[in-house]
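In case you want the letters, here they are:
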Amino acid sequence: MIFEIMTLFPKMFDGVFEESIIKRACERGIISIHLENIRDYSDDPHKRVDDYPYGGDPGMLIKPEPLAKSIGAVKEKASHLSPKVIFLSPHGERLKHAVVDELAREQCLILLCGRYKGIDNRIRDRYVDREISIGDYILSGGEIAAMILIDAVSRLIPGVLGNDESAERDSFFNGLLSPPQYTRPEVFEGLRVPEVLISGHHKKIKEWQQQQAEEVTRRQRPDLWKEYQKLMKRKNII
Ligand SMILES: C[S@@+](CC[C@H](N)C(=O)[O-])C[C@H]1O[C@@H](n2cnc3c(N)ncnc32)[C@H](O)[C@@H]1O
């Protein structure tokens, strides 16, 4: 998977992907992350990329020309990978596991990071394939949202996680939150690790984990629990 990030602030990404899982995935060539500075595509002698919005609203917008040029250039470079242009935007569909799972099946994602008051709407109309929001609040720019998307999507790409880190045991993968987990010591501040986990009885451990996952989801995420029950009904499991 290739992630092409279109941003006015490429330095924000310094260091973010240079640790741990994402770094290893880049080193193994499973993913690549490229940065493109939108400003480099400005024809303005001072490299300006923003202008006042029509209608007299306060603030500035990123102009359409440098955006169109930069997206065009990256699309051409990656044309053999059928790239999808994703605009990180509060107007978009919410980033959740199902969306992350779909994106992880693509070969190349062009991640467009807005700034200021946003972008000229004609870019949305003409160039954007999908708009994605990371939540109902306003960030100063799309960069942090792009980082979140890259991290979440990469985890679902085969080979990025080792067996020990497997995504299948994480929350959301099967529609439930993950069950509570414990490590040594067996007793901490008077609190014991549940007996079943140290019993060595694999079938019982699995049953306990499933029951705990259901319980924690029902209690902490009733919305998710409802969806899970619907799914199980459709599969005729309950
Ligand atoms: C200050 S925001 C612009 C907000 C816009 N005026 C509005 O009210 O919808 C600047 C940029 O940050 C990014 N952004 C802000 N909030 C976001 C969110 N919740 N999810 C994804 N991107 C976001 C978008 O790229 C946006 O164009």
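None of these values were measured; they are calculated from a predicted model.

**A closer look at the sheet that holds strand S1 (residues 2-7)**
Alright, step 1. Read from one edge of the open sheet, 5 strands run S2-S1-S6-S5-S7, paired in parallel fashion. Each edge of the open sheet carries a strand with a single partner, namely strand S2 (32-37) and strand S7 (130-133). On average, each strand axis in the sheet is tilted by 35° relative to the strand beside it, whichever way the strands run.
Alright, step 2. For S1 and S2, the ladder comprises 6 bridges, and the chain directions are parallel. Counted as the bridge partner of phenylalanine 3 is isoleucine 33 from S2.
Alright, step 3. Across the sheet, helix H5 (residues 143-155) lies against S1, S2, strand S5 (84-94), strand S6 (108-113) and S7, angled at about 160° from S6, the strand it touches most.

**Side note on the pairing of S5**
Alright, step 1. The pairing of S5 with S6 spans 5 bridges and is classified as parallel. From the neighbouring strand, isoleucine 86 faces S6, where its bridge partner is leucine 111.
Alright, step 2. Tracing the backbone out of S5, into helix H3 (residues 97-103) and back to the parallel element S6 gives a crossover that is right-handed.
Alright, step 3. Summarising the sheet, S5 and S7 pair through 5 bridges and their orientation is parallel. Opposite arginine 94, over in S7, you have serine 133 as the bridge partner.

Parameters and conventions
- Residues numbered from 1 in each chain as written.
- Predicted model: local features only at pLDDT ≥ 70, side-chain atom pairs only at ≥ 80, totals over all residues.
- Heavy atoms only, no water.
- Pairing = 2+ DSSP bridges.
- Helix = DSSP H or I, 4+ residues; strand = E, 2+ residues; numbered from the N terminus.
- Axes fitted to C-alpha atoms, helices over the stretch in contact; angles between N-to-C directions.
- Contact = heavy atoms within 4.5 Å.
- Right-handed = clockwise from strand over helix to strand, strands pointing away.

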